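What the coordinates show
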Amino acid sequence: MIVAAVLVAAGSGSRLGADVPKAFVEVNDQPLLEYAVQRFLVHRAVRDVVVVVPVGWTEQANEMLDELVKSFRSVDELLGKLGRPPAGPTMKPLVVAGGSTRQESVERGLAVLADDVDAVLVHDVARAFVPAAVISRVVDALEAGADAVVPTVPLTDTLRSVGPDGLGPTVDRTGLVAVQTPQGFRRQVLDAAHSSAPGGAATDDASLVEADGVRVVAVPGASEAFKVTVPLDLALAEVVADRV
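Within any chain, residue numbers begin from 1 and follow the written order of that chain's sequence. Per-residue local features of the predicted model are confined to residues with pLDDT of at least 70, and side-chain atom pairs are confined, for both listing and counting, to 80 or more; whole-chain, interface and lining totals are unaffected and use all residues. The basis for every side-chain value is the complete set of non-hydrogen atoms in the structure, without hydrogens or water.

1. A look at the packing of aromatic side chains
- Working definition: a ring pair exists when centres of Phe, Tyr or Trp rings (six-membered ring for Trp) sit within 6.5 Å. Plane angles under 30 degrees give stacked, over 60 give edge-to-face, the rest tilted. Applying the stated rule across the entire model yields three aromatic pairs.
- Summarising the aromatic geometry, the rings of phenylalanine 24 and tryptophan 57 are spaced 4.6 Å apart at their centres and angled 35 degrees between planes, so their arrangement reads as tilted. Here phenylalanine 24, found in the loop between β1 (3-8) and β2 (26-27), pairs with tryptophan 57, found in the loop between β4 (48-53) and α2 (58-81); they are 33 residues apart in sequence, far enough to count as distant.
- Exposed residues in this analysis have more than 50% of their type's maximum accessible area, buried residues have under 20%, and partly exposed residues fall in between, with area computed by a 1.4 Å probe over protein chains only. Residue phenylalanine 24 is classed as buried on the basis of its relative accessible area of 10%.
- The interplanar angle of 55 degrees and the centroid separation of 4.9 Å between the aromatic rings of tyrosine 35 and phenylalanine 129 together place this pair among those described as tilted. Of this pair, tyrosine 35 sits in helix α1 (residues 32-41) while phenylalanine 129 sits in the loop between β6 (119-124) and α4 (132-143), and the two are 94 residues apart along the sequence. Helix numbering and strand numbering both begin at the N terminus, where a helix is a DSSP run of H or I of at least 4 residues and a strand a DSSP run of E of at least 2.

2. Here's the deal with the environment of phenylalanine 40
- Its location among the elements puts phenylalanine 40 in helix α1.
- The exposure class assigned to phenylalanine 40 is buried, which follows from its relative accessible area of 0%.
- Distance in space between the C-alpha atoms of phenylalanine 40 and isoleucine 135 is 8.2 Å, their sequence separation being 95 residues.
- Those residues within four positions of phenylalanine 40 in sequence are excluded, and the remaining contacts are Ala5, Leu7, Val46, Val49, Leu121, His123, Val130, Ile135 and Pro182. What makes two residues a contact is simply this: any of their non-hydrogen atoms within 4.5 Å.

3. Thoughts on the layout of surface pockets
- What the largest pocket holds in volume is close to 490 Å³.
- Ala10, Gly11, Ser12, Lys22 and Arg102 are the residues nearest the centre of the largest pocket, which is lined by 23 residues in total.
- Think of it as three bins: nonpolar holds Ala, Val, Leu, Ile, Met, Phe, Trp, Tyr, Cys and Pro, charged holds Asp, Glu, Lys and Arg, and polar takes everything else, Gly as well. Taken together, the residues of the lining of the largest pocket break down into eight nonpolar, 10 polar and five charged. Cavity and pocket criteria rest on a 1 Å grid covering protein atoms alone: a 1.4 Å probe that fits but cannot get out defines a cavity, protein on both sides within 12 Å along at least 5 of 7 lines defines an open pocket, and an atom within 4 Å of a point defines a lining residue. Grid points are joined across faces, edges and corners, and a volume is the space filled by probe spheres set on the points.

4. Quick notes on the pattern of salt bridges
- When a carboxyl oxygen of Asp or Glu is within 4 Å of a side-chain nitrogen of Lys or Arg, the pair counts as a salt bridge. Throughout the structure, instances matching the rule amount to seven salt bridges.
- Glutamate 67 serves as the salt-bridge partner of lysine 70, at 3.5 Å between the closest nitrogen and oxygen. With lysine 70 and glutamate 67 both in helix α2 and three residues apart, the pair spans about one turn of that helix.
- The salt bridge involving arginine 102 is made with aspartate 124; its shortest N-O contact spans 2.9 Å. Of this pair, arginine 102 sits in helix α3 (residues 102-110) while aspartate 124 sits in strand β6, and the two are 22 residues apart along the sequence.

5. Quick look at unusual backbone geometry
- Cis geometry is adopted by the peptide bond preceding proline 182, which originates at threonine 181 and carries an omega value of 15 degrees.
- The residue proline 182 is located in the loop between β10 (177-179) and β11 (183-186) in this model.
- Residues other than glycine seldom take positive phi values, yet aspartate 29 does so here, at roughly 70 degrees.
- Counting through the fold element by element, aspartate 29 comes out in the loop between β2 and β3 (30-31).
- On the accessibility criterion, aspartate 29 (71% relative accessible area) is exposed.

The structure is reproduced here in structure tokens:
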């Protein structure tokens, strides 16, 4: 099975209070985009990587990823002298400009995939520290026959409903999970779902395929795959970046 990853990095970063798009915000002197891309570039199950960035930022992204691939090549030269297999890729990701919504950005990434790609992983760059094991679980489920796969984690907070008169009853967490990325899909399933609702405002690709009647399989996610959204998340990101 030939697997490609579409990394969505077209967010503005406004909730972070940043003066650059979220993907270019640095954690320990390294952009979130770089952390996220590395995880897919070196994963043995992923052949192709497409990065979707905000309009006007393709040049900066290309320069960054050129340097990233050069660093892999330098490591591989050293490993070759030691008689060891290469550690990373020799081809850099393809960079495209995103759209006005996340769904449109994903569609622009899908549009440039090679014809022979069988399965697609759609990942939010804001989840920059997703472990390789989560990527593997998603790919393994696709190889086992699933049409759509999402990683999930249990909910830990107490949930309450709220209405015009204040707080309502506590919500039973049984059977509830939080959904992460990468979400994995058979290529034809994801293409069909986006064709059914082109250019829309869906924030989750699994919901698009479910609308087409496709069953979505869940696999375990990981706490490290948290989403960087607000300034406090950057403090957690600094801790996680030092551990991975």
